[in-house]
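# Overview (structure and organization)
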Amino acid sequence: MSLDPVPALLSRATELLATHFASLPAYDSPVDTAAIEQVLEATAGRLGDNYPYFHPLYAGQMLKAPHPVARAAYALAMTVNPNNHARDGGRASSEMEIEAVRAIAAMFGWTKFLGHLTSSGTIANLEALWVADQCAPGRRIVGSRQAHYTHQRISGVLKIDYTGVVADNHGRMSMEALEAELRKGNVGTVVVTLGTTALAAVDPLDEVLALQRKYNFRVHVDAAYGGYFRLIPEALDEPARRAYAVIDRADSIVVDPHKHGLQPYGCGCVLFRDPAVGRFYKHDSPYTYFTSTRLHLGEISLECSRAGAAAVALWATQRLLPLTQGGEFARGLMSGRRAALELDRRLRQDDHVQALTAGAPDLDIVVWKQRAETPERASQLAQDVFDACATRDLHLALVQLPSSWFGPSGDVKNRAKTGMVTCLRSVLMKPEHEAWLDRIWERLTASW
Ligand SMILES: *Cc1c(COP(=O)(O)O)cnc(C)c1O
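About the criteria used
Residues numbered from 1 in each chain as written. Predicted model: local features only at pLDDT ≥ 70, side-chain atom pairs only at ≥ 80, totals over all residues. Heavy atoms only, no water. Patch = residues over 30% accessible without salt bridge, like charges linked within 9 Å, V, L, I, M, F, W, Y side chains within 5 Å. Areas by Shrake-Rupley, 256 points an atom, 1.4 Å probe, with all protein chains shown as cover. Salt bridge = Lys/Arg side-chain N within 4 Å of Asp/Glu carboxyl O. Helix = DSSP H or I, 4+ residues; strand = E, 2+ residues; numbered from the N terminus. Buried < 20%, exposed > 50% of the residue type's maximum accessible area, 1.4 Å probe, protein only. Polar contact = N/O pair within 3.5 Å; in protein donor to acceptor, adjacent residues only side chain to side chain. Contact = heavy atoms within 4.5 Å. Domains from an automatic or database assignment. Buried area = accessible area lost by both parts, 1.4 Å probe. Nonpolar A, V, L, I, M, F, W, Y, C, P; charged D, E, K, R; others polar. Near = heavy atom within 4 Å. Expected span 1.5 Å × (residues − 1). Axes fitted to C-alpha atoms, helices over the stretch in contact; angles between N-to-C directions. Parallel < 35°, antiparallel > 145°, perpendicular 65-115°, else oblique. Left-handed = near helix turned anticlockwise from the far one by under 90°.

### Digging into a nonpolar patch on the surface
Together, Phe21, Leu24 and Val80 make up an exposed nonpolar region whose accessible area comes to about 290 Å². Structurally, leucine 24 is set in the loop between helix H1 (6–19) and helix H2 (33–47). On the basis of relative accessible area, leucine 24 is assigned to the exposed category, the value being 54%.

### What about the side chain of histidine 170?
Among the structural elements, histidine 170 can be located in the loop between strand E3 (162–165) and helix H7 (175–184). Classification of histidine 170 by relative accessible area gives buried; the value is 8%. Within the structure, histidine 170 has its side chain in polar contact with the side chain of arginine 172 (distance 3.4 Å). In contact with histidine 170, not counting residues within four places along its chain, are Leu199, Ala201, Ala358, Gly359, Ala360 and Asp362.

### Let's talk about the environment of valine 157
For valine 157, the location among the structural elements is in helix H6 (residues 150–158). Distance in space between the C-alpha atoms of valine 157 and alanine 72 is 37 Å, their sequence separation being 85 residues.

### With respect to the domain arrangement of the chain
Domain annotation for the chain reports domain 1 (91–320) and domain 2 (328–445). Computed from C-alpha coordinates alone, the two centres of domain 1 and domain 2 are separated by 28 Å. The partner domain 2 presents 21 residues to the 30 residues of domain 1 that form the contact. For the pair domain 1 and domain 2, the summed buried area comes to about 2200 Å², and 67% of that belongs to carbon and sulfur atoms. It is Asn169, His170 and Leu199 in domain 1 that bury the most area against domain 2; as a group they hold 26% of the surface buried on that side. Across the pair aspartate 237 and arginine 337 runs a salt bridge, and its minimum N-O distance is 3.8 Å. Where domain 1 touches domain 2, the interface holds 8 residue pairs in polar contact (both at pLDDT 80 or more). For the side of domain 1 that touches domain 2, a count of residues per class yields 15 nonpolar, 10 polar and 5 charged.

### Focus on the pattern of salt bridges
Counted according to the given criterion, the structure contains 19 salt bridges. Ionic pairing is found between arginine 172 and aspartate 362, a salt bridge with its closest N-O pair at 2.6 Å. Of this pair, arginine 172 sits in the loop between E3 and H7 while aspartate 362 sits in the loop between strand E8 (353–355) and strand E9 (365–370), and the two are 190 residues apart along the sequence. The partner of arginine 273 in a salt bridge is aspartate 251, with the nearest N and O atoms 3.2 Å apart. On the criterion of sequence distance, the pair formed by arginine 273 in the loop between strand E7 (268–272) and helix H10 (308–320) and aspartate 251 in the loop between helix H9 (238–245) and strand E6 (252–255) is long-range, its members being 22 residues apart.

### Brief notes about unusual backbone geometry
The residue lysine 159 is not glycine, and still its phi comes out positive at about 60 degrees. With respect to the secondary-structure elements, lysine 159 resides in the loop between H6 and E3. In this structure, aspartate 393 is a non-glycine residue whose phi angle is positive, near 65 degrees. Looking at the secondary structure, you find aspartate 393 in the loop between helix H12 (375–391) and strand E10 (397–402).

### Re the site of the ligand
What surrounds the ligand is a group of 15 residues, the closest being Thr122, Asp222, Asp256, His258 and Lys259. Threonine 122 places a side-chain nitrogen or oxygen 2.5 Å from an oxygen atom of the ligand. At 2.7 Å from a nitrogen atom of the ligand is found a side-chain nitrogen or oxygen belonging to aspartate 222. Within the complex, the protein chains bury 89% of what would otherwise be the 380 Å² of accessible surface of the ligand. Per-class residue counts for the shell around the ligand are 3 nonpolar, 9 polar and 3 charged.

### Some points on helix H5 (residues 121–135)
Here H5 is 15 residues long and its end C-alpha atoms lie 21 Å apart, about the 21 Å a rise of 1.5 Å per residue gives. Buried residues dominate H5, accounting for 11 of its 15 residues. Listed as buried for H5 are Gly121, Ala124, Asn125, Leu126, Glu127, Ala128, Leu129, Trp130, Val131, Ala132 and Asp133. A side-chain oxygen of the first residue of H5 lies 3.3 Å from the backbone nitrogen of threonine 122; this N-cap is serine 120.

### Some words on the packing of helix H4 (residues 91–107) against H10
Here H4 crosses H10 at 50 degrees, and the two axes come no closer than 8 Å. With respect to H10, the element H4 is oriented oblique. The way H4 lies across H10 gives a crossing that is left-handed. Contacts between H4 and H10 involve Ser93, Met96, Glu97, Glu99, Ala100, Ala103 and Ile104 from the first element and Gly308, Ala311, Val312, Leu314, Trp315 and Gln318 from the second.

Here it is in structure tokens:
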């Protein structure tokens, strides 16, 4: 590992923060540093049992280390441990959350909106689907089968009917299948995913909005993974660019700063275009809201206690790396995108594998199938390559996908019978992946 800059950065800021409370009388809080040091040694010992998520050779799941500024700001906030449920528990951090969320909404083209952070994308989606149901109770939700699995589960929790429609061979929601469902009637909300979890496929939001005129439903955009790609339209292919261009016409949007936003876990975000949906959250809390008549975040969110530190870390990160087109943050997304396109290009020229027939990836996740006589054999080979790469410190992921998405091959006759095949999947979400692509490729090709 390279030298960690966080401890030094943090110590100066911690001293500065302490000066704000210097007028308080000193108090004793005995700390046995020797004992803590020992426990921390044991802790480090335990944490070593992890894949190296922070390293460019980790190119498996949607995982990366938070930015140093986020880690430092989060740790700094731990001195006070604010709770963003109410201004009573997190005065400064509530204000920082409002500012940070405003910047995220501005990225989507919204200045008038209602929104807040959540502890995850799942909770953010839960709020969006709950609000959707409050707006038009008893109507169905439709998403793609490639939408995140939690939509169906959340719908179950909320007791809303959920239908998953097929995706095309690019992993995007099929508009024919969606329209067939809309024709059946009673669809209240369509979940449109910009950046699916398996493939980072971008559903055609523009086409869904065209259907909305005819069938009248709410549009919820799940951009938990892909939301930030709104900042780099020039780096996207036409279909994805068209989808991102109209994201401001969604009724609600979810984005996860803890996925592509360089944040520690515990940071999702939900936004509503119509601020009036705040009425659904109305509740009395006799014990929490008393020091301020201004809005408390707990008055517009389903969760009660929430990490103020998550807002502090996000605010600090956005201050260092503003969410602007052409800025450093956007350039980081662009490098990962270029790495994905380059990996996909190389895979298409290699006889050992088959890339998605439909074309290049929409964002920065690449999937491929090992070429083999049968899907069973291809699945086994994927597992073998996955294991062999790991012995070379290259960490990939596996995913089950319909075989038919990967072009004609010796397994055509078995396709109907088996359907799914295990594929390799690589999430190239770190800016460093681009510079490391040759080293990734070397290890990959040595493994088949
Ligand atoms: C990760 C993800 C989620 C779930 O978010 P969590 O923060 O893991 O709860 C939802 N939708 C999509 C598209 C995702 O990629």
